Number of protein chains: 2
Amino acid sequence: MIEHPENAAEYKGLTVNEGVENLPQVNPYATFKRKKRTLSAEEYVEGILRGDITLLSQAVTLVESNLPSDQLIAQKVIELCLPHAGNSIRLGITGVPGAGKSTFIEALGTELCHQGKKLAVLAIDPSSERSKGSILGDKTRMNELSVEANAFIRPSPSAGSLGGVARKTRETIVLCEAAGFDTILVETVGVGQSETAAHSMVDFFLLLQVTGTGDELQGIKRGIMEMADGIAINKCDGHNVERAMAARVSFKNALALFPPTESGWKPYAETCSAVEKTGILDVWKMVEEYIRFTRANGYFDHQRTQQAKYWMYETINSSLLNGFYQSPDMEPLIEQAEQRVLNNELSSFIAAAQLLERYKNLKQQ
Amino acid sequence: MIEHPENAAEYKGLTVNEGVENLPQVNPYATFKRKKRTLSAEEYVEGILRGDITLLSQAVTLVESNLPSDQLIAQKVIELCLPHAGNSIRLGITGVPGAGKSTFIEALGTELCHQGKKLAVLAIDPSSERSKGSILGDKTRMNELSVEANAFIRPSPSAGSLGGVARKTRETIVLCEAAGFDTILVETVGVGQSETAAHSMVDFFLLLQVTGTGDELQGIKRGIMEMADGIAINKCDGHNVERAMAARVSFKNALALFPPTESGWKPYAETCSAVEKTGILDVWKMVEEYIRFTRANGYFDHQRTQQAKYWMYETINSSLLNGFYQSPDMEPLIEQAEQRVLNNELSSFIAAAQLLERYKNLKQQ
């Protein structure tokens, strides 16, 4: 829905090969590292299936790599892992910076690990550069969780197009599931289209909110609230308890006005404090209730297959559009046409028709 | 945002030439009608610019036609009208069947005509077949408005892909504005992606609601509420007044929880009764306030140019994807691949890669 103007422009940014700057750095002295690279797809898969975290990490690095030779192995690994994937609960978590996502994920994750769950924490953040404190980029922010033997934390694939970053995260889910992770958390930043991408790969989509006058919501993009299967109002601690409780009632009333979800599930809000580790299990109970509910009425599997279908078409569409938008001959023409459209000198449709005609001629040359 | 699974599939339905069944019926005995068809683009434009409704109607028929020869004239007409277009307020209206859209549009439209406004009422409904009581299809439902000299009512272009139908409606807006219509209403049915399309061509997007326990909202797609610039709670009459007033307060509270809009405008709710013609002007006042507000802060023009850009890219994207999805060679392969993905036998990405490879080879033959 609220896909909109940005959506079309998003295609302009789509890249299949995301540029040399994102290639993994190869250190000529790191012969040991090079040696590991010569593993076959079957060897990676064998390692993944027995839960070898080192091999899982290396395979994820291949998935994230833009080198065609790496991609060749990566795709084979994914194909072989696929029959062993799917046995997990996939939870998407979004919220603006400041909502306390890291602390919340650490609190929830540690709790789940103590329950004996195997937890993978991934992220989608096309704007991230790992070196610059992106989400999950700094594992030290998750001191407690990162030392859990049952936790696998992987930052967002580094900066690139949303399509590329999302694809890599989705493929990483497959590998993690094959390695026996039964709970997958996918974190996004709540400010853009990453939420649609995350929403398209998780079973339950959680919006982490904080109380306030509206300023705190500034960063959240409209449409995300109606996408959420549940809301957790964080920072329900200290002087903030009363406000958080009041917010919970407000959200409850607001959610009741929303049209019913496709699943029949009625989203609701819980309060919690990630810092004080209170209410965290109430939020998790909400997720479990949802899973039970949607498993019972068949929506759980339905959504999963719809998502798989979605990603097939999404991948095809991005690839088809890339040819046009990444053509060096077309780029200046597209820019000119856009400018004339913005100046109201040319109709959107005539501009499009002219560009398409030009593209057709180019390809026939 | 909530664009989602359906979105990719939507592309499968995209058609540039929408099939022979939609071609205008040509009556061999209607020589007079045939004769009119021989007008040049310039003659149509001259007629449109002096406000000739008959010529405007005929030009819109050309816009809606799928005959290449008609399209050739239509595109020329649009190009020539473009410098004279844009001087209107464009209002999108959505709501589920039963919300009273027709009655509301009649009440509002008649009022605006009496104020001396020139009003065009259009629609986007890809599922419509004019013969089968589609929205606006039955002008008799708007007895009062349809006899107003200042009103031009045009049903949705007949059934076809959303992309095609939306394009035609958007082009019709250009012609109507060139003909001097200063207020454009675009109606949609509130149940699908038509809302995104309508939202991408109007200045103000109004959601028409009725009170109730939630069942009445059943048909409205999630995400539409966060798209609305305002809500009108209709059927505030008789025994329903109290409930409608209460609903207004509920919506007010809910809207306050939504993240701020890009325009800075704070959407709110008004009550009205289209049947009793009360509150209609309050709704219109809301629209006028919005226009004043967004004109003052520059958002009005900003949104218009963003929309023009959006439609350029949207048209390009649809056309590029059509080649793939409408290839008779690809269709069975796409279906097979989708089935294997749904059965979890094949990863979404590998399926996409295989199909794209096949398509590339096909084109090289």
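Criteria and cut-off values
Residues numbered from 1 in each chain as written. Chains lettered and ligands numbered in written order. Predicted model: local features only at pLDDT ≥ 70, side-chain atom pairs only at ≥ 80, totals over all residues. Heavy atoms only, no water. Least-squares fit on C-alpha atoms with pLDDT ≥ 70 in both. Contact = heavy atoms within 4.5 Å. Buried area = accessible area lost by both parts, 1.4 Å probe. Salt bridge = Lys/Arg side-chain N within 4 Å of Asp/Glu carboxyl O. Polar contact = N/O pair within 3.5 Å; in protein donor to acceptor, adjacent residues only side chain to side chain. Helix = DSSP H or I, 4+ residues; strand = E, 2+ residues; numbered from the N terminus. Nonpolar A, V, L, I, M, F, W, Y, C, P; charged D, E, K, R; others polar. Pairing = 2+ DSSP bridges. Axes fitted to C-alpha atoms, helices over the stretch in contact; angles between N-to-C directions. Buried < 20%, exposed > 50% of the residue type's maximum accessible area, 1.4 Å probe, protein only. Core = buried A, V, L, I, M, F, W, Y, C linked by side-chain atoms within 4.5 Å. Phe/Tyr/Trp six-rings, centres within 6.5 Å; stacked < 30°, edge-to-face > 60°. Lys NZ or Arg CZ within 6 Å of the ring centre and 35° of its normal.

A.B. asks: What should I look at first to understand the relation of the copies chain B and chain A in this one?
C.D. replies: The two chain copies are related to each other by a rotation about an axis together with a translation along it. For the match of chain B to chain A, the screw axis carries a shift of 0.0 Å, the RMSD comes to 0.1 Å, and the turn is 180 degrees. Interpreted geometrically, this transformation is the action of a two-fold axis. If distances are taken from each C-alpha of chain B to the rotation axis, the shortest is found for Ala254 of chain B, at 2.2 Å. The share of interface residues of chain B whose copies in chain A are also at the interface is 100%, consistent with both copies meeting through the same surface.

A.B. asks: Can you walk me through the interface of chain B and chain A in this structure?
C.D. replies: Accessible area lost when the parts come together is the quantity often used to give the size of an interface. Contacts between chain B and chain A engage 76 residues on the former and 77 residues on the latter. With both chains or domains summed, chain B and chain A bury close to 7400 Å², and 69% of this area falls on carbon and sulfur atoms. Between chain B and chain A we count two salt bridges in total. With a closest N to O distance of 3.7 Å, Glu338 of chain A and Lys309 of chain B form a salt bridge. Between the two partners, chain B and chain A, sit nine residue pairs in polar contact (both at pLDDT 80 or more). Sorting the residues of the side of chain B that touches chain A by element identifies helix 1 (4–12), helix 5 (68–81), helix 8 (162–178), helix 9 (194–199), helix 10 (241–257), helix 12 (299–325), helix 13 (330–342) and helix 14 (348–364) of chain B as the ones contributing at least two each. Among the elements that take part in the side of chain B that touches chain A, helix 12 of chain B stands out by supplying 17 residues, more than any other. Broken down by class, the residue content of the side of chain B that touches chain A amounts to 42 nonpolar, 21 polar and 13 charged.

A.B. asks: What's the story with the sheet that holds strand 3 (residues 151–153) of chain B in this structure? I'm lost.
C.D. replies: In sheet architecture, strand pairing relies on hydrogen bonds along the backbone and comes in two forms, parallel and antiparallel. All names here are of chain B. Pairing is parallel across the open sheet formed by seven strands, whose spatial order is 3-2-4-1-5-6-7. If you trace the sheet from one side to the other, it starts and ends with strand 3 and strand 7 (268–271), each paired once. For this sheet, the mean angle separating the axes of adjacent strands, direction not counted, is 20 degrees. Sheet topology note: the strand 1 (residues 89–94)/strand 5 (residues 204–209) ladder contains four bridges and is parallel. For Ile93, the partnering residue across the bridge sits in strand 5 and is Leu206. The strands touched by helix 8 within the sheet are strand 1, strand 2 (119–123), strand 3 and strand 4 (183–187), with strand 2 carrying the most contacts at an inclination of about 170 degrees.

A.B. asks: Looking at this structure, how should I read unusual backbone geometry?
C.D. replies: Excluding glycine, most residues fall at negative phi; most peptide bonds, likewise, are trans. Although it is not a glycine, Lys235 of chain A sits at a positive phi angle of roughly 65 degrees. When you line up the elements, Lys235 of chain A lands in the loop between strand 6 (230–234) and helix 10 (241–257). Accessibility expressed as a relative area gives 35% for Lys235 of chain A, which makes it partly exposed. Phi at Lys277 of chain B is positive, roughly 55 degrees, even though this residue is not glycine. With respect to the secondary-structure elements, Lys277 of chain B resides in the loop between strand 7 and helix 11 (280–296).

A.B. asks: I'm lost on the environment of Thr61 of chain A in this one. Help?
C.D. replies: All names here are of chain A. Relative to the elements of secondary structure, Thr61 occurs in helix 4 (residues 53–64). Relative accessible area serves as the criterion here: at 25%, Thr61 is assigned to the partly exposed category. Residues Thr61 and Gly92 lie 31 residues apart in sequence; the distance between their C-alpha atoms is 22 Å. Only 3.1 Å separates the side chain of Thr61 from the side chain of Arg154, close enough to count as a polar contact.

A.B. asks: What's the story with the nonpolar core in this structure? I'm lost.
C.D. replies: Across soluble globular proteins, nonpolar side chains have a tendency to be buried as a group. Leu175 of chain A together with Leu175 of chain B are the most contacted members of the largest nonpolar core, which totals 112 residues. Apart from residues no more than four positions distant in its own chain, Leu175 of chain B is found in contact with Ile48, Leu56, Ala59, Val60, Val63, Val77, Ile78 and Cys81 of chain B. Residues Met312, Val341, Ala352 and Leu355 of chain B belong to the second largest nonpolar core, which totals 40 residues.

A.B. asks: Honestly, the packing of aromatic side chains in this entry has me stumped. Any pointers?
C.D. replies: Where two aromatic rings form a pair, the distance of their centres and the angle of their planes describe that pair. Enumeration over the complete set of coordinates arrives at 21 aromatic pairs over all chains. Pairing Trp265 of chain A with Phe293 of chain A gives two aromatic rings, centres 5.9 Å apart and planes at 55 degrees, and the pair type is tilted. In this pair, Trp265 of chain A sits in the loop between helix 10 and strand 7 (269–271) while Phe293 of chain A sits in helix 11 (residues 280–296), placing the two residues 28 residues apart along the sequence. Relative accessible area serves as the criterion here: at 33%, Phe293 of chain A is assigned to the partly exposed category. Here the aromatic residues Phe204, Trp265, Tyr268, Tyr290 and Phe293 of chain A are joined through ring pairs into a cluster of three or more. Across the ring face of Phe181 of chain B, the terminal group of Lys118 of chain B is positioned such that the distance to the ring centre comes to 4.5 Å. Here Arg295 of chain B stacks its cationic end above the ring of Phe300 of chain B, 4.4 Å away from the centre of that ring.

A.B. asks: Looking at this model, I keep getting lost on the sheet that holds strand 3 (residues 151–153) of chain A. Mind explaining?
C.D. replies: Residue and element names in this part refer to chain A. Spatially, the seven strands line up as an open sheet ordered 3-2-4-1-5-6-7, and their pairing is parallel. Sheet topology places strand 3 and strand 7 at the edges, where each strand pairs with a single neighbour. This sheet shows a mean twist of 20 degrees between the axes of neighbouring strands, independent of strand direction. Where helix 8 (residues 162–178) meets the sheet, its contacts fall on strand 1 (89–94), strand 2 (119–123), strand 3 and strand 4 (183–187), and the angle it forms with strand 2 comes to roughly 170 degrees.

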